[in-house]
Amino acid sequence: MLAQMLAPAAVLVAWSIVVLFWMAFTRLPALGKAGGLGEAKPGGRGQDLEGVLPDRINWKAHNYAHLMEQPTLFYAATVIIALLGAGAVDVVFAWIYVALRIVHSIWQATVNVVKIRFLLFIASTVALIYLAYRALALTLFHDPALVAV
């Protein structure tokens, strides 16, 4: 069950890289039209492009930032569960989380109606809460005598 539990995390890592490239391939051409990086102030950040680039271009960057936030909890919970003994339900909830995060990404990067995006976020958070509970239960109530040496 180790590989089955880690597979959703690997897919979300790969999806995050896809969004990184999606962001770059939409932002860089838009930056060229807006004057390029030559006019960027020293130490500038991505947030400095708000109001400079069209909102639809920045949505990809917003989503990439979101993929670097809450999913870090998902990765930790996934590894804990995988190491201590994932069950089939754990794997299902991990896939639910990843599927909802991918749908959330596509929605935010293209349509970005906040009401729907929020519902997708809440649904994925419910899956994450289950995974956090399982990681906590497996660590707090783990019996070392049950682990084969």
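Residues numbered from 1 in each chain as written. Predicted model: local features only at pLDDT ≥ 70, side-chain atom pairs only at ≥ 80, totals over all residues. Heavy atoms only, no water.

Mind laying out the pattern of salt bridges, listing which residues take part and the relevant values?
Within this structure, the stated rule accounts for one salt bridge. Ionic pairing is found between arginine 134 and aspartate 90, a salt bridge with its closest N-O pair at 2.7 Å. Taken together, the residues arginine 134 in helix H5 (residues 114-140) and aspartate 90 in helix H4 (residues 88-110) connect sequence positions 44 residues apart. Each member of the pair arginine 134 and aspartate 90 is classed as buried. (Salt bridge = Lys/Arg side-chain N within 4 Å of Asp/Glu carboxyl O. Helix = DSSP H or I, 4+ residues; strand = E, 2+ residues; numbered from the N terminus. Buried < 20%, exposed > 50% of the residue type's maximum accessible area, 1.4 Å probe, protein only.)

Describe the nonpolar core, listing the residues and the values that go with them.
One finds Met5, Leu12, Phe74, Ile81, Tyr97 and Leu131 to be the most contacted residues of the largest nonpolar core, which totals 21 residues. Elements with a contribution of two residues or more to this core: helix H1 (2-33), helix H3 (71-84), H4 and H5. The element contributing the most residues to this core is H5, with six residues. Beyond its immediate stretch of four places on either side in the chain, phenylalanine 74 contacts Pro8, Ala9, Leu12, Ala94, Tyr97, Val98, Leu128 and Leu131. (Core = buried A, V, L, I, M, F, W, Y, C linked by side-chain atoms within 4.5 Å. Contact = heavy atoms within 4.5 Å.)

Explain the packing of H3 against H5 to me, using residue names and the numbers behind them.
Two quantities define a packed helix pair, namely the angle between the helix axes and the distance between the axes. Axis separation between H3 and H5 bottoms out at 9 Å; the angle between their running directions is 40°. Accordingly, the angle class assigned to the pair H3 and H5 is oblique. You can see that H3 and H5 cross each other, and the crossing is left-handed. Residues Leu73, Phe74, Ala77, Ile80, Ile81 and Leu84 of H3 form the contact with H5, whose own contacting residues are Leu128, Leu131, Ala132, Arg134, Ala135, Leu138 and Thr139. In the contact of H3 with H5, the residues fall into eleven nonpolar, one polar and one charged. (Axes fitted to C-alpha atoms, helices over the stretch in contact; angles between N-to-C directions. Parallel < 35°, antiparallel > 145°, perpendicular 65-115°, else oblique. Left-handed = near helix turned anticlockwise from the far one by under 90°. Nonpolar A, V, L, I, M, F, W, Y, C, P; charged D, E, K, R; others polar.)

Can you break down H5 residue by residue, with the values?
In an α-helix, one turn spans 3.6 residues; hence positions three or four apart end up facing the same way. Its 27 residues give H5 an end-to-end C-alpha distance of 37 Å, which sits within 8% of 39 Å, the value for a rise of 1.5 Å per residue. Among all positions in H5, only Arg117, Leu120, Ser124, Thr125, Ala127, Leu128, Tyr130, Leu131, Arg134, Ala135, Ala137 and Leu138 are buried. For H5, the secondary structure elements touched by its buried residues are H1, helix H2 (55-67), H3 and H4. (Expected span 1.5 Å × (residues − 1).)

Requested: an account of the environment of asparagine 58, with residues and values cited.
Secondary-structure assignment places asparagine 58 in helix H2. It is 8.3 Å that separates the C-alpha atoms of asparagine 58 and alanine 109, two residues lying 51 residues apart in sequence.

Go over the side chain of histidine 104, please, and point to the residues and values.
Tracing the backbone shows histidine 104 in helix H4. When its relative accessible area of 3% is taken as the criterion, histidine 104 is described as buried. The contacts of histidine 104, once residues within four sequence positions are left out, are Asn63, His66, Arg117, Leu120 and Phe121.

Help me get a handle on the side chain of serine 16, residues and values and all.
Following the sequence through the fold, serine 16 ends up in helix H1. In contact with serine 16, not counting residues within four places along its chain, are Tyr64, Leu67, Met68 and Tyr75.

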